[in-house]
Amino acid sequence: MQTAVQLINLTCIFGNVRAVDRVNLEVYSGEFFSMLGPSGSGKTTCLRLIGGFEAPSSGQIVLFGQDASRLPPYARDVNTVFQDYALFPHMSVLDNVAYALMVRGVPRAERHRRAGEMLELVKLSGMEHRRPSQLSGGQRQRVALARALINQPRLLLLDEPLGALDLKLREEMQIELKALQRSLGITFIYVTHDQGEALSMSDRVAVFNHGQIEQLDTPKGLYEHPQTEFVARFVGSANILEGRLIGLGEGRFALRPERVRLVAGSEPGAHRLVGRLLDVHYLGSQTRYEVQVEGGRITALAPSQEEILPAGSVVTLSWDATSLRPLADGIPARPEASV
Amino acid sequence: MKAKPSLALRIAAIAGIAFLHFPLLIILLYAFTTEDRTYQFPPPGLTLKWFGVAFARQDMWAALGLSLRVALVATAVALVLGTMVAGAMYRFNFLGKDVVTLSLILPIALPGILTGIALLTTINRLGLEPSFWTIVIGHATFCMVTVYNNVVARFRRLTPSQIEASMDLGADGFQTFRYVILPGIATALLAGGMLAFALSFDEVIVTTFTAGQDKTLPIWFLSELFKPRERPVTNVVAIFVTAVTFVPILLAQRLTQSGEELHGGGKTT
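In this text, all values refer to a predicted model and were calculated from it rather than measured experimentally. Along every chain, residues carry numbers that run from 1 in the direction the sequence is written. Chain letters and ligand numbers both follow the written order, the letters beginning at A and the numbers at 1. Per-residue local features are limited, in this predicted model, to residues with pLDDT of at least 70; the limit for side-chain atom pairs, both in listing and counting, is 80 or more; totals at the level of whole chains, interfaces and linings are taken over all residues. Side-chain measures were taken over the full set of non-hydrogen atoms in the model, leaving aside hydrogen atoms and water.

J.: Please set out the UniProt feature "domain: ABC transmembrane type-1" (unreviewed entry) in chain B residue by residue, giving values where relevant.
T.: UniProt positions are given in the numbering used here, feature names are shortened, and annotations may be inferred rather than shown by experiment. Using the residue numbers shown here, the UniProt feature "domain: ABC transmembrane type-1" (unreviewed entry) corresponds to residues 64–252 of chain B. Strands here mean DSSP runs of E at least two residues long; helices mean DSSP runs of H or I at least four residues long; both are numbered from the N terminus. Measuring from the first to the last C-alpha atom of residues 64–252 of chain B gives 22 Å, for a span that is 82% helix and 0% strand.

J.: With reference to specific residues and values, describe the interface of chain B and chain A.
T.: A common way to express how large an interface is: the accessible area buried when the components associate. In what follows, residue pairs with any heavy atoms lying within 4.5 Å of each other are defined as contacts. Residue-level contacts link 23 residues of chain B with 26 residues of chain A. For the pair chain B and chain A, the summed buried area comes to about 2,200 Å², and 62% of that belongs to carbon and sulfur atoms. Salt bridge, as applied in this entry: a Lys or Arg side-chain nitrogen positioned within 4 Å of an Asp or Glu carboxyl oxygen. Applying the counting criterion to the chain B and chain A interface returns one salt bridge. In protein, a polar contact requires one atom able to donate a hydrogen and another able to accept it; more generally it is a pair of N or O atoms within 3.5 Å, and residues adjacent in sequence count only if both atoms are side-chain atoms. Between chain B and chain A we count eight residue pairs in polar contact (both at pLDDT 80 or more) in total. Mapped onto the side of chain B that touches chain A, the elements with two or more residues apiece are helix H7 (160–168), helix H8 (173–201) and helix H11 (232–266) of chain B. The dominant element in the side of chain B that touches chain A, judged by the number of residues it contributes, is H7 of chain B, at seven residues. For this classification, Asp, Glu, Lys and Arg are treated as charged, while Ala, Val, Leu, Ile, Met, Phe, Trp, Tyr, Cys and Pro are nonpolar and the rest, including Gly, are polar. Looking at the side of chain B that touches chain A residue by residue, the class counts come to eight nonpolar, 12 polar and three charged. Values labelled buried area give the accessible surface lost by two parts on being combined, using a 1.4 Å probe and summing over both.

J.: Describe the UniProt feature "transmembrane region" (unreviewed entry) in chain B, naming the residues involved and giving the relevant values.
T.: The UniProt entry lists residues 7–32, 60–87, 99–120, 132–155, 176–199 and 233–252 of chain B under the feature "transmembrane region" (unreviewed entry), expressed in the numbering used here. In this annotation, residues 233–252 of chain B is assigned 100% helix and 0% strand; the end-to-end C-alpha distance for the span is 29 Å.

J.: Help me get a handle on the sheet that holds strand E5 (residues 66–67) of chain A, residues and values and all.
T.: All names here are of chain A. The four strands are arranged E2-E1-E4-E5 in an open sheet whose pairing can be described as antiparallel. Two strands bound the open sheet, and with one partner strand each, they are strand E2 (17–28) and E5. Examined bridge by bridge, strand E1 (residues 3–14) and strand E4 (residues 58–63) share five bridges and lie antiparallel to one another. Along E4, the bridge assignment pairs Ile 8 with Gln 60. Paired strands, as defined in this entry, are two strands with at least two bridges between them according to DSSP.

J.: Requested: an account of helix H1 (residues 7–30) of chain B, with residues and values cited.
T.: Here, expected helix span is obtained from the residue count minus one, scaled by 1.5 Å. With 24 residues, H1 of chain B extends 33 Å from end C-alpha to end C-alpha; this agrees with the ideal 34 Å at 1.5 Å per step. One fitted axis covers the seven residues ending at a residue, a second covers the seven starting there, and the bend at that residue is the angle between these axes. In the structure, H1 of chain B departs most strongly from a straight axis at His 21 of chain B, where the bend amounts to approximately 40° and where the proline Pro 23 of chain B lies between one and four residues downstream.

J.: Which residues make up a nonpolar patch on the surface, and what values go with them?
T.: All names here are of chain B. A surface patch of nonpolar side chains, amounting to about 590 Å² of accessible area, comprises Leu 102, Leu 106, Leu 110, Ile 113, Leu 114, Ile 117 and Ile 205. At the level of secondary structure, the elements contributing two or more residues to the nonpolar patch comprise helix H4 (97–109) and helix H5 (112–125). With three residues, the single largest contributor to the nonpolar patch is H5. Structurally, the position occupied by Leu 114 is in helix H5. Here a patch means residues that are over 30% exposed by relative accessible area and free of salt bridges, tied together within 9 Å if like-charged and within 5 Å if nonpolar (Val, Leu, Ile, Met, Phe, Trp, Tyr). Surface exposure here means Shrake-Rupley accessible area, sampled with a 1.4 Å probe, where a residue is shielded only by the protein chains that are shown.

J.: I'd like a rundown of the state of the cysteines, residues and numbers included.
T.: Criterion for a disulfide: a pair of cysteine sulfur atoms at a distance within 2.5 Å. Applying the stated criterion to the full structure yields zero disulfides over all chains. There is no disulfide at Cys 12 of chain A, and the cysteine sulfur nearest it, in Cys 46 of chain A, is 9.3 Å away.

J.: How would you sum up the nonpolar core? Please name residues and give values.
T.: Formed by 47 residues in total, the largest nonpolar core has its most connected members in Val 97, Tyr 99, Leu 145, Leu 156, Leu 158 and Leu 177 of chain A. Those elements giving two or more residues to this core turn out to be helix H2 (93–103), helix H3 (108–121), helix H4 (137–149), strand E7 (155–159), helix H5 (167–184) and strand E8 (187–192) of chain A. Ranked by residues supplied to this core, first place goes to H2 of chain A with eight residues. With sequence-adjacent residues up to four places away left out, Tyr 99 of chain A is seen in contact with Phe 88 and Met 91 of chain A together with Ser 166, Leu 169, Ala 171, Gln 175, Thr 176, Tyr 179 and Val 180 of chain B. Residue types Ala, Val, Leu, Ile, Met, Phe, Trp, Tyr and Cys, when buried and joined through side-chain atoms within 4.5 Å, form a set referred to as a nonpolar core. Exposed residues in this analysis have more than 50% of their type's maximum accessible area, buried residues have under 20%, and partly exposed residues fall in between, with area computed by a 1.4 Å probe over protein chains only. In terms of nonpolar packing, the next biggest core, distinct from the first, is built from 27 residues, Ala 74, Leu 104, Phe 142 and Ala 188 of chain B among them.

J.: Help me get a handle on the UniProt feature "domain: ABC transporter" (unreviewed entry) in chain A, residues and values and all.
T.: Following the UniProt record, one finds the feature "domain: ABC transporter" (unreviewed entry) at residues 5–235 of chain A. When the span residues 5–235 of chain A is considered, its composition is 36% helix and 27% strand, and the gap between its end C-alpha atoms is 24 Å.

J.: Go over the packing of H4 of chain A against H5 of chain A, please, and point to the residues and values.
T.: Residue and element names in this part refer to chain A. Angular values range over 0 to 180 degrees, each being the angle between N-to-C directions of two axes fitted as lines to C-alpha atoms, with helices fitted over their stretch in contact. Their axes nearest at 12 Å, the elements H4 and H5 cross at an angle of 15°. Put simply, H4 runs roughly parallel to H5. For the crossing formed where H4 meets H5, the hand is right-handed. In this structure, H4 contributes Gly 138, Gln 141, Arg 142, Leu 145 and Leu 149 to the contact, and H5 contributes Leu 169, Met 173, Glu 176, Leu 177, Leu 180 and Leu 184. Residue classes in the contact of H4 with H5 are distributed as seven nonpolar, two polar and two charged. For classification, angles of less than 35 degrees are called roughly parallel, those exceeding 145 degrees roughly antiparallel, those between 65 and 115 degrees roughly perpendicular, and all remaining angles oblique. Each crossing is labelled by how the near helix is turned from the far one, with a counterclockwise turn of less than a right angle marking it left-handed and a clockwise turn marking it right-handed.

J.: Can you break down the packing of aromatic side chains residue by residue, with the values?
T.: All names here are of chain B. In summary, the pairing rule links any two rings of Phe, Tyr or Trp, Trp by its six-membered ring, whose centres are within 6.5 Å, and it sorts them by plane angle into stacked for under 30 degrees, edge-to-face for over 60 and tilted for everything else. All told, the structure shown has 15 aromatic pairs over all chains when counted by the stated rule. Ring centres of Phe 51 and Phe 55 lie 6.3 Å apart, and the angle between their planes is 70°; this geometry places the pair in the edge-to-face category. Linking Phe 51 with Phe 55, this pair stays in helix H2 (residues 49–56), spanning four residues, or about one helical turn. Given a relative accessible area of 33%, Phe 55 falls into the partly exposed group.

J.: Please provide a residue-by-residue account of the pairing of E7 of chain A, values included.
T.: All names here are of chain A. Most of E7 sits out of view: five of its five residues are buried. Here E7 shows two buried faces, one formed by Leu 155, Leu 157 and Asp 159 and the other by Leu 156 and Leu 158. Note that E7 and E8 share five bridges and pair parallel. Bridged to Leu 158 within E8 is Tyr 190. If the strands point away from the viewer and the path from the first strand over the helix to the second runs clockwise, then the crossover is right-handed. As for the winding sense of the linkage, the β-α-β connection from E7 through H5 to E8 is right-handed.

J.: Break down the confidence of the model for chain B for me, citing the residues and quoting the values.
T.: Residues and elements named next belong to chain B. For chain B, per-residue confidence averages 84 on the pLDDT scale, and 94% of positions sit at 70 or higher. Note: pLDDT gives the predictor's confidence per residue, expressed from 0 to 100. With pLDDT under 50 throughout, residues 259–269 is counted as low confidence; its partners more than four residues away or in other chains account for 21 contacts. Across the interfaces of the predicted complex, the ipTM metric reaches 0.82, alongside a pTM of 0.78.

Structure follows, in structure tokens:
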């Protein structure tokens, strides 16, 4: 597989904060790659480094086999969809989309024709002569997308592009973005703090924490085999069990709530815990149970039943030994830069 | 429903406006008086002859021409320098930034007489002859402040991602300025430029120090007032200048209003 982007020991320091700390990764051509993490984890800075909006403190950015670490944004074969869309308010939708062609000196008729095609691609035909202020949030998003794609970049960077949209629209756009990426065959690097979004759209996901990558994996790999407590808790939700477990040795383990079985009554045994039901959250198709056991709380998620156990009942929790995922230590917080 | 103002407030407001505009009416009235030595009230008679006298005065036209040229050039200099300084202040953080900001605003905050003396001393030191260009330099120091203030305020409203988006789409620095920044700050430039022009056009104190033998219109007015005869001529010229400057002021107001609509709407992007 061809490599689109390669980051080598990439570091970016602001004041005494290591926003991006020795990041190494490879993004393959044609891949839908996500950078996932809480705010302040370095994912957006990493994207801005690739786009050329920040300069790395050390390390290298290789784009399509060429060192691009010091190239200005306009010299990179990369385009960006900004979080706030960054549309030009004084230009029509058509001129916004045609901007990249205008600055390259493409004649007016030609650039308007191609901008019209791009608007068709994002289903905005008929909006050519409106101003950005006359569009809805979802429509602005599409204009930003069309504007970034008109140069036919080999790599598109998307910085939380759906963050400002409401839930319904966001789900529609997720499907459309994914379809667009497939049909154009462009490499997408997608920054988000929404783990559901990252899991549903991506080929691979890098989970960022404190400027470093905690885990880089496929969505299924991240969810099924989280390597650290941070990943286990940030991607989906997890029970963290600690101690010596029969057949698995000593350590910390993640256990997904839906892998926990719950029955009424007390039936102790191996890979079982008896506890008292603290709280029941009825979620429709599923029900979430909070159970107080000795030494902590366990969350269980099960398909909803006709009869729901009342809070206070004694219940027995059980799971398969194979559902327990051993965890390594994660990345500690390192706000101070050692330079 | 808006509350109706009380009678006292209305009287106070009307009195305030009258106080501001009464002197203008006096100037208007005495442009037509037949008495040319004293401002006796009421004027003994009304005449239009001073218009002819005033427009025939070569020294008046020369002063008006000089003032216009100085104001235009000083405004142009202020627009370029003020925009550049505003851009630098907006983009960069550096040691002593507050000091630079303060020193920029000083020419307008300091009494004009200090600025004037400072400029005159510098001009003498450098061995320059007071001329058209020394007046322009003097005026540009304070004209720049109005442009800077307007533009820097607008810069703060411009989203940095628009500039980044432009660079991302292949525009170099100059193209980004031409196509993204300039349209964004156009109305601020217009407002700052108008103000700069107005400041320069009626400036007296700094001009007296930097002008040498040349007379700008305000200085011409001053010297006319000390002459015993033909006093209504200054009133005629004042009315003429007021009438002429009214047009661009109204125009600018129109333009900035429609501009605000446009940019205000864009703020949500």
